[in-house]
Amino acid sequence: MKLAIISRAFLNDSISGRETVIYHLWKLAKETYDTTLICGWKHNPKLLPRDAYKLNLSGRNKYLNYLRLYSKTKKLLSKIRPDIILSNTIEAPVSDIPAIVIVHDFNFGSVNKCKIADRVKMKLISYKLKRFNKIIAVSNITRNEILKLGICKKKIVTIHSGINTNIFVPEDKISNGRFKIVYPARILYGKGQHIAVEAIRELSSEVRKNVTLQIVGYVEESVYFKKIKLMSEGLPIEVITNVKDIVPYYQQADIIIFPTIMNEGFGYTAIEGMSCAKAVIYSDFPVIKEATGGIGVPVPKKDPVALARAIEKLYYNKDLMMKLGAMGRKYVEANYNWNISFRKYQEVFDSVCSKYS
């Protein structure tokens, strides 16, 4: 079977949960299918796989980038003629080739809301989704959001993404005498790094003098990054950007925090932390509770005081911290195996191909 995988962005040119998911699916698909990857780039095409078709989406106008992705991908598909398409973006062209789309969330990387713009955007998304033969939601929460758009429920399948538990593994922490709090995520307003900084300010003086917060991630919003740097001055905070390997930061943490303020599609930061056997404090969103199985410490979103109290709770209760870490690792091993997830994708491929062959 000839499979075409389409993604607006891809590791390592762009780093987020979306790119992580499609990267692993591409790696597994190559082992079974005649697989072609079509992906966009914003920073450096050399960071993408050599055998991929690479589309220049580095322009500042995102709508022109969407049109460029659509038109160039359409030409490539007419040349490749795959048996089936797996798309990580709704902008992929849909014609006579059976097509499946993965839906992660509807936050568009932002927490800012404009009711009129959002209504127009959601109508367009509904129109585009109805053209796909099958829709894969990465969580049941996302599935429910898709249903609200009037999509037939028979079209939607929930498949939780996997995680590489051979990479995100527990490792003995090297103690430097300070309690290390780590927030690994893309640096943008919606991820709420400012909430993390404010929480450190809200800690009791006794705790604050014994902790370090590391904010680690890829800079997506440069103005916001500068704001975080300014906010962090005089506090026990390190801002570490664009690291090549984020795993050691998870492993050397005492706890992981995830004070996101956007409606996440899955919550990879929490799951990666759990996989490294770390206790995780996260924003109390239903989708993150679904992803974590309720393991960890939920706190109200946009509430730095509540986050500070949760940090202090784990700081003073190491037994609870260790217990949550062990429970988290066990839960991830049982629920987020990539091979199991990919078999579910294959079942969708087979059902779509048999229906439209």
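Preceding this paragraph is the structure being described.
To keep things clear, this report deals only with the structure shown in the data block. (Residues numbered from 1 in each chain as written. Predicted model: local features only at pLDDT ≥ 70, side-chain atom pairs only at ≥ 80, totals over all residues. Heavy atoms only, no water.)

1. Overview of the overall build of the chain
Rules: Starting at the N terminus, helices and strands are each numbered in turn, a helix being any DSSP run of H or I of at least four residues and a strand any DSSP run of E of at least two. The cut-offs for exposure are 20% and 50% of the maximum accessible area for each residue type, with area from a 1.4 Å probe on protein chains only; residues under the lower value are buried, those over the upper are exposed, and the others partly exposed. Throughout, a contact is declared for two residues whenever any of their heavy atoms are within 4.5 Å. Every accessible area reported is derived by Shrake-Rupley at a probe size of 1.4 Å, with residue values counting cover from the shown protein chains alone. Within this scheme the basic residues Lys and Arg register as positive and the acidic residues Asp and Glu register as negative, but His and the chain ends are omitted. To locate a charge, take NZ of a lysine, CZ of an arginine, CG of an aspartate or CD of a glutamate.
Of the regular secondary structure elements, the chain holds 13 helices and 13 strands. Reported as C-alpha extents along the three principal axes, the dimensions of the chain are approximately 65 × 40 × 40 Å. Counting the 357 residues in the chain, one finds 55% classified as buried. Restricting to contacts in the chain with at least 6 residues of sequence separation, those with at least 24 account for 68%. Total accessible area computed for the chain in this model is approximately 16,800 Å², and 51% of it derives from carbon and sulfur atoms. Side chains of the chain carry 56 positive and 32 negative charges; the gap between the two charge centres is 7 Å.

2. Let's talk about the sheet that holds strand β4 (residues 84-87)
The criterion, for reference: Two strands are said to pair when DSSP picks up at least two bridges between them. Axis lines are fitted to C-alpha atoms, over the contacting stretch for helices. Their N-to-C directions set the angle, which ranges from 0 to 180 degrees.
The strand order β3-β2-β1-β4-β5-β6-β7 describes an open sheet built from seven strands, whose pairing is parallel. In the strand order of this sheet, the two ends are held by β3 (53-56) and β7 (156-158), each with one partner. When the angles between neighbouring strand axes are averaged without regard to direction, this sheet yields 20 degrees. One ladder, built from four bridges, connects strand β5 (residues 99-103) with strand β6 (residues 134-137); its direction is parallel. Of the residues in β6, the one forming a bridge with Val-103 is Ala-137. On the sheet, helix α4 (residues 140-147) packs against β5, β6 and β7 and is oriented at approximately 165 degrees with respect to β7. Sitting on the sheet, helix α13 (residues 338-356) touches β1 (2-7), β4, β5, β6 and β7, and the angle it makes with β4 is about 140 degrees.

3. Looking at the packing of aromatic side chains
The test is simple: Any two rings among Phe, Tyr and Trp, with Trp reduced to its six-membered ring, count as a pair given centres within 6.5 Å; such a pair is stacked if its planes are under 30 degrees apart, edge-to-face if over 60, and tilted if neither. A ring has a charge above it when a Lys NZ or an Arg CZ is no more than 6 Å from the ring centre and no more than 35 degrees off the ring normal.
Within the structure shown, the criterion is met by 14 aromatic pairs. Grouping aromatic residues by their ring pairs yields a cluster made of Phe-266, Tyr-268, Tyr-331 and Tyr-336. The residue whose ring lies beneath Lys-318 is Tyr-315, and the NZ or CZ to ring-centre distance is 4.6 Å.

4. A word on the sheet that holds strand β13 (residues 297-299)
In space, the six strands of this open sheet follow the order β10-β9-β8-β11-β12-β13, with parallel pairing throughout. Only two strands of the sheet have a single partner each, and these edge strands are β10 (237-241) and β13. Looking at each pair of strands side by side, their axes are set apart by 20 degrees on average, direction ignored. Summarising the sheet, strand β8 (residues 179-184) and strand β9 (residues 211-217) pair through six bridges and their orientation is parallel. Counterpart to Ile-181 in the pairing with β9 is Leu-213. Relative to the sheet, helix α7 (residues 222-232) contacts β9 and β10, its axis offset from that of β10 by approximately 155 degrees. In the packing of helix α9 (residues 268-275) onto the sheet, the strands contacted are β8, β11 (255-258) and β12 (279-283), and the crossing angle to β11 comes to about 170 degrees.

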